[in-house]
Amino acid sequence: MPAGYSFNLDGTTIYLSMCMIFLAQVFHVHLSIGQIFSIIGILMLTSKGAAGVTGSGFVVLASTLTAVQVVPVEGLALLLGVDRFMSEARAITNFIGNGVATIWIANNEKEFDRVKMNFAFGESKVKSQKSKVKS
């Protein structure tokens, strides 16, 4: 999972993309579909630098705003108050994405053991308790 945590930052990418679009709307900047896709592509690359450091997504957003030069950097002040809370949401989304990616790859490689999964989730205990109740 550590390699996945470093590279699978979908929560960070989604949040940063939403911030860029929000700031563009606040400043009445019209983004073409090409600009939107290029911003998302840049954010997919730059969000990789945000692994493991709380609040680094804000720095990545600042550097991306500066590099793209479409949306004013001053808009970051609007996001500063909520970024601390959104950092937690990004971390949870990244973690869930890592779990889904791990299960998906294990399924594709035929390495996923559903018996162990059921045991870990306690489903074997639930089934045995239900059978005891019926008898």
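Details of the structure are given in the entry above.
Thresholds, definitions, all that
- Residues numbered from 1 in each chain as written.
- Predicted model: local features only at pLDDT ≥ 70, side-chain atom pairs only at ≥ 80, totals over all residues.
- Heavy atoms only, no water.
- Helix = DSSP H or I, 4+ residues; strand = E, 2+ residues; numbered from the N terminus.
- Buried < 20%, exposed > 50% of the residue type's maximum accessible area, 1.4 Å probe, protein only.
- Areas by Shrake-Rupley, 256 points an atom, 1.4 Å probe, with all protein chains shown as cover.
- Expected span 1.5 Å × (residues − 1).
- Bend = angle between axes of the 7 residues up to and from the residue.
- Axes fitted to C-alpha atoms, helices over the stretch in contact; angles between N-to-C directions.
- Parallel < 35°, antiparallel > 145°, perpendicular 65-115°, else oblique.
- Left-handed = near helix turned anticlockwise from the far one by under 90°.
- Contact = heavy atoms within 4.5 Å.
- Nonpolar A, V, L, I, M, F, W, Y, C, P; charged D, E, K, R; others polar.

K.L.:
Looking at this model, I keep getting lost on the overall build of the protein. Mind explaining?
P.N.:
Per the secondary structure count, the protein includes seven helices and zero strands. Considering the protein as a whole, with its 135 residues, one finds that 26% of them fall into the buried category. As displayed, the protein offers around 9,100 Å² of accessible surface, 68% of which is attributable to carbon and sulfur atoms.

K.L.:
Which parts of the structure should I look at to understand helix α5 (residues 76–108)?
P.N.:
Compared with an ideal rise of 1.5 Å per residue, which puts 33 residues at 48 Å, α5 spans 41 Å between its outermost C-alpha atoms and falls more than 12% short. Along its length, α5 reaches its greatest deviation from straightness, about 55°, at D83. Here α5 has its buried residues at L76, L79, D83, S87, R90, N94, G97, N98 and A106. Backbone geometry just downstream of α5 places K110 in the positive-phi region, at approximately 60°.

K.L.:
Where do I start with the packing of helix α3 (residues 33–46) against helix α4 (residues 56–68) in this structure?
P.N.:
Across the interface, α3 lies against α4 with an axial gap of 10 Å and an inter-helix angle of 140°. Relative to α4, α3 is oriented oblique. Between α3 and α4 lies a crossing whose hand is right-handed. Of α4, the residues touching α3 (which contributes I39, I42, L43 and T46) are V60, T64 and V68. Residues that form the contact of α3 with α4 fall into these classes: five nonpolar, two polar and no charged.

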